[in-house]
Amino acid sequence: MFGIISHKLVASTAGGSPGQPILRAAVLAMMSNYSTATKQIMVREALNSALDEEMAADPTVFLMGEEVGEYEGAYKVSKGLLRKYGPQRVVDTPITEAIDHIINSAAKTNYMSAGNINVPIVFRGPNGPAAGVGAQHSQCYAAWYSSCPGLKVLAPYSSEDARGLLKTAIRDPDPVVFLENELLYGESFPVSDEVLDSSFCLPIGKAKIEKEGKDVTITAFSRMVGYALKAAEILEKEDLEAEVINLRSIRPLDRSLINNSVRKTNRLVTVEEGFPQHGVGAEICASVVEENFNYLDAPVERISGADAPMPYAANLERLALPQVEDVVRAARRACYRSVPTATTA
Amino acid sequence: MAFWLSKSRSISSLLGKRIGLLTILHERNKGSFLHSRRDGVFRYKNSPEFSTKSATFSATGQRFKSSKTGEQVELPSSDEDDDENQAVDFPGGRVAFTSRMNFTSESSGKRIPCFRVLDDNGYPIAGSIFEQVNKEVAVRMYSGMVTLQIMDTILYETQRQGRISFYLTSTGEEAINLASAAALSPDDVVLPQYREPGVLLWRGFTLQEFANQCFGNKADYGKGRQMPIHYGSQKHNYFTVSSPIATQLPQAAGVAYSLKMDKKDACVVTYMGDGGTSEGDFHAALNFAAVTEVPVIFICRNNGWAISTPITEQFRSDGVVVRGQAYGIRSIRVDGNDALAVYNSVRTARQTAINEQRPILIEALTYRVGHHSTSDDSTKYRAVDEIEHWKTAQNPVSRFRKWVQGNGWWTDEDESEFRSNIRKQLMEAIQLAARKEKPPIANLFTDVYEENPPNLVEQERSLGETIKKHPQDYPSDVPL
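This section reports on the structure supplied with the text. (Residues numbered from 1 in each chain as written. Chains lettered and ligands numbered in written order. Predicted model: local features only at pLDDT ≥ 70, side-chain atom pairs only at ≥ 80, totals over all residues. Heavy atoms only, no water.)

## Comments concerning the overall build of chain A
Part 1: Secondary structure summary: chain A contains eleven helices and 16 strands in total.
Part 2: A buried classification covers 57% of the 345 residues belonging to chain A.
Part 3: Look at the contacts in chain A between residues 6 or more apart in sequence, and 81% of them connect residues 24 or more apart.
Part 4: When the accessible surface of chain A is split by element, carbon and sulfur atoms take 54% of a total near 14,400 Å². (Helix = DSSP H or I, 4+ residues; strand = E, 2+ residues; numbered from the N terminus. Buried < 20%, exposed > 50% of the residue type's maximum accessible area, 1.4 Å probe, protein only. Contact = heavy atoms within 4.5 Å. Areas by Shrake-Rupley, 256 points an atom, 1.4 Å probe, with all protein chains shown as cover.)

## Quick notes on the sheet that holds strand S4 (residues 268–273) of chain B
Whether parallel or antiparallel, the strands of a sheet pair through hydrogen bonds between backbone atoms.
All names here are of chain B.
Part 1: Read from one edge of the open sheet, five strands run S3-S4-S5-S9-S8, paired in parallel fashion. Strands at the two margins of the open sheet, each flanked by one partner only, are strand S3 (189–191) and strand S8 (330–335). Neighbour-to-neighbour, the strand axes of the sheet open up by a mean angle of 20°, direction not taken into account.
Part 2: Bridging between strand S5 (residues 296–302) and strand S9 (residues 360–365) involves six bridges; their strand directions are parallel. From the neighbouring strand, Ile297 faces S9, where its bridge partner is Ile360.
Part 3: Sheet strands in contact with helix H8 (residues 248–261) are S3, S4 and S5, and its direction is about 170° off that of S4. (Pairing = 2+ DSSP bridges. Axes fitted to C-alpha atoms, helices over the stretch in contact; angles between N-to-C directions.)

## Focus on the packing of aromatic side chains
Residues and elements named next belong to chain B.
Part 1: In this structure the tally under the stated criterion is 15 aromatic pairs over all chains.
Part 2: Between Phe210 and Tyr231, the aromatic rings sit 4.7 Å apart at their centres with planes inclined by 85°, giving edge-to-face as the arrangement. Placement of the pair is Phe210 in helix H7 (residues 207–215) and Tyr231 in the loop between H7 and H8, with a sequence separation of 21 residues. The two residues Phe210 and Tyr231 agree in class, both being buried. (Phe/Tyr/Trp six-rings, centres within 6.5 Å; stacked < 30°, edge-to-face > 60°.)

## Brief notes about the packing of helix H1 (residues 43–57) of chain A against helix H5 (residues 159–171) of chain A
Residues and elements named next belong to chain A.
Part 1: Put simply, H1 and H5 touch, their axes get as near as 8 Å, and they point 25° apart. Classified by the angle their axes make, H1 and H5 are roughly parallel. In the crossing of H1 with H5, the sense of the turn from one axis to the other is right-handed. Facing H1, whose interface residues are Val43, Ala46, Leu47, Ser49, Ala50, Leu51, Glu53 and Glu54, H5 presents Ser159, Ala162, Arg163, Leu166, Lys167, Ile170 and Arg171. (Parallel < 35°, antiparallel > 145°, perpendicular 65-115°, else oblique. Left-handed = near helix turned anticlockwise from the far one by under 90°.)

## Digging into the pairing of strand S6 (residues 121–126) of chain A
All names here are of chain A.
Part 1: With five of six residues buried, S6 is to be regarded as a mostly interior element.
Part 2: Both S6 and strand S8 (residues 176–180) contribute to a ladder of five bridges, which runs parallel. Bridged to Pro126 within S8 is Glu180.

## Digging into the side chain of B:Asp152
Residues and elements named next belong to chain B.
Part 1: Relative to the assigned elements, Asp152 resides in helix H4 (residues 135–160).
Part 2: With no salt bridge to any partner, buried Asp152 finds its closest opposite charge in Arg195, at an N-O distance of 7.6 Å.
Part 3: In contact with Asp152, other than residues within four places in its own chain, are Tyr167, Leu168, Thr169, Ser170 and Thr171. (Lys, Arg positive; Asp, Glu negative; His and termini not counted. Salt bridge = Lys/Arg side-chain N within 4 Å of Asp/Glu carboxyl O.)

## So, the packing of H8(B) against helix H9 (residues 280–292) of chain B
Residues and elements named next belong to chain B.
Part 1: Between H8 and H9, whose axes approach to 7 Å, the crossing angle comes to 20°. It follows that H8 is roughly parallel to H9 by the angle criterion. Considering how the two elements wind past one another, H8 and H9 form a crossing that is left-handed. Every residue of H9 that contacts H8 at Leu249, Pro250, Ala253, Tyr257 and Lys260 is listed here: Asp281, Phe282, Ala285, Ala289 and Thr292.

## As for the nonpolar core
Part 1: Grouped together as the largest cluster of nonpolar side chains are 72 residues, with contacts concentrated most on B:Tyr167 and B:Phe400.
Part 2: If you tally residues by element for this core, the top one is H4(B), at twelve residues.
Part 3: Ignoring sequence-local partners within four residues, the contact set of B:Phe400 consists of B:Leu118, B:Ala138, B:Met141, B:Tyr142, B:Met145, B:Ala339 and B:Leu340.
Part 4: Within the second largest apolar cluster, 56 residues are counted, among which are A:Ile204, A:Val216, A:Val324 and A:Ala331. (Core = buried A, V, L, I, M, F, W, Y, C linked by side-chain atoms within 4.5 Å.)

## Considerations on unusual backbone geometry
Residues and elements named next belong to chain A.
Part 1: Of note, the amide linkage connecting Arg251 to Pro252 takes the cis form, showing an omega dihedral of 0°.
Part 2: On the secondary structure map, Pro252 appears in the loop between strand S14 (249–251) and helix H8 (255–265).
Part 3: Positioned with a positive phi, Glu67 is a non-glycine residue whose angle comes to about 70°.
Part 4: When you line up the elements, Glu67 lands in the loop between strand S4 (61–65) and helix H2 (81–85).
Part 5: Positive phi is not limited to glycine here, since Glu72 has a value of about 65°.
Part 6: Positionally, Glu72 belongs in the loop between S4 and H2.

## A word on the pattern of salt bridges
Part 1: Tallied over the full model, the rule gives 46 salt bridges over all chains.
Part 2: For B:Arg330, the salt bridge is made with B:Glu356, and the minimal N-O distance between the two is 3.4 Å. Taken together, the residues B:Arg330 in strand S8 and B:Glu356 in helix H11 (residues 339–356) connect sequence positions 26 residues apart.
Part 3: Of the residues examined, B:Arg330 reaches a relative accessible area of 41% and is grouped as partly exposed.
Part 4: Across the salt bridge formed by B:Arg399 and B:Asp335, the nearest N and O atoms sit 2.8 Å from each other. Remark: B:Asp335 occurs in strand S8 and B:Arg399 occurs in helix H13 (residues 396–406); sequence separation between them is 64 residues.
Part 5: B:Asp335 gets classed as buried once you look at its relative accessible area, which sits at 8%.
Part 6: Each of A:Glu53, A:Glu54, A:Arg163, A:Lys167 and A:Arg171 takes part in one network of salt bridges that share partners.

Now the structure itself:
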């Protein structure tokens, strides 16, 4: 179900990788909070505008996948692109689903070919649970992809993230896995004029502090950022100020920002929708324990999805996924505000 | 997953709902354009309302240089076919009905014949029509085959002696290697499996360059990253060998798509074995190549064995050639041990692929004389005299030699002189390669990404420090 955006593979020139776009001066948004935003756009519009702008700027960028052309995208993310750029650049393809080529070919080819065959491709599409779609349509693959050297893995949350990260991903010469979220496509976020500018890009490997705090660090990505922010609101009423970090980039992970935050707050809660074992949170906890063991005032807390294939029934699905209350409870535990309950074995 | 019709997307997005298959079953009628649209019936060639190109219902919906799919499955029309009861315009084209329930047989009974032009003794078969190769090309092809033979023998031994870790031979498949290479132009992009070093040899890769890769030394174009025989060369348009089976096939379809986009006068040639055609990637590759209409030649070296799996346990079809039609791909079966037949079929395939922008499938029948690799002992699963038979009576090298010598272009003296020259050159290349420095440790960290990420920069720095502190624990002949 992934649409693939790629520079065409130009095979036979000596030296270098021709066909790479000249990087225009990118406006890197280092702001840590929104400037006065006058416009609201949906995540799907943000993605669509990013695709549109990058295709307009660089004629070697093209989109291929199932439903991307005539159907305008399974989630309408590529709306209008076929009409604007034609069937040579927006290519509907038959179906073939295989993770092997992402991990064994895309991730490793530049290395194995000693830099002769580069893979400037973006694999994008929805990742993780939606609502009531069952086991085979709900898994979060962030941890899987992020364990592969050679890949870059991004997970946007807001419309600003979606625009900035997708534009950077398309311009990046390495293979990028771009993990969107079906339930976020229809959500609107405020965006500044800077974000709407066609040169707006967000750097890969940099997380964002969505809300500053001093008592506990909560890391999250994609939809869970929204949950973490809601949890932070609840915690504020209890005089606990949580610092919410939107990871944006799962590989490479912004270890220094996370560690700086924990040095300030001394407590860590990681949140993700994926399975608990070997998850993104596990890597973050390991990094913090290795770098800042002496700064931790409490054991690290991980909130994740249940260790079971996703059930379909709505009540079971709710129980299998992190809820805002779970994040709140974990933060309280990290701050010794409640008796630690035994987590699931 | 709901049945999704390739042409109905724009209709359904207008209607705002998915159209089930049953609502489309509808007899052809001469209703109005709008009426037929709502029913979701798609007319192809015979429709008065619109031609095939507008069948997508939007001006920009034309497939990139699409052929008229409806026509391809069009049956020879007769007046009787116009009778409403005898045919229906299902999605994909008109199809005639029959009242006799008839399962198409699992086999056509008769095997697809195998194209050859030289008999077992290297004589042109009477009545065969083929493009001759001139003396220069013939001698170059033949000497390439001999070089490949010698390379295989000596490098195999080198592995046996423990000087390289691994090797795999192309013994018995020299004709496929050299003849297919000779039929291509240098601009054609090659995506090999791993038993096609002869193609690289033809294009000018030297014995020294082969040896360097096998020894993984500083001069290896692969920077010492891969095990032996995983050759690659950008300047020779030969994609780096990648071990997993058949992964190169869908990649080849993609590379061909880029050639098509650039309107290049070139095609892609990709190779696989019989075993590779069981992989999912084979099927995806052929289907994609056919649908996107790209210039790629799929050459299957059907050599009878996939490690220890014989053909009889690999598939139940008549080999690989019959699979092409299943994907709408023109195919041919050729005697892989007949260099001229291979040359001719690849030449024609190349012209067709480029001029008509379509994929071609070639099944070259041959035999894997050697073991699968140095990690295999094939006498454990096949008869020694079977191997001997193919090594001698059906040897492609001696068969082509007979033809070349028959034309007066090669002599026995040429043979012994050439063989001893190559042997000498190769031994020298191996000595040099073995003595050469190993690649610097810095290569461990580069090319993971375009630019080294901070964690790898740090690891490299830290490793450098550790080596400085404990030099006795590290090999002295490996530079940093």
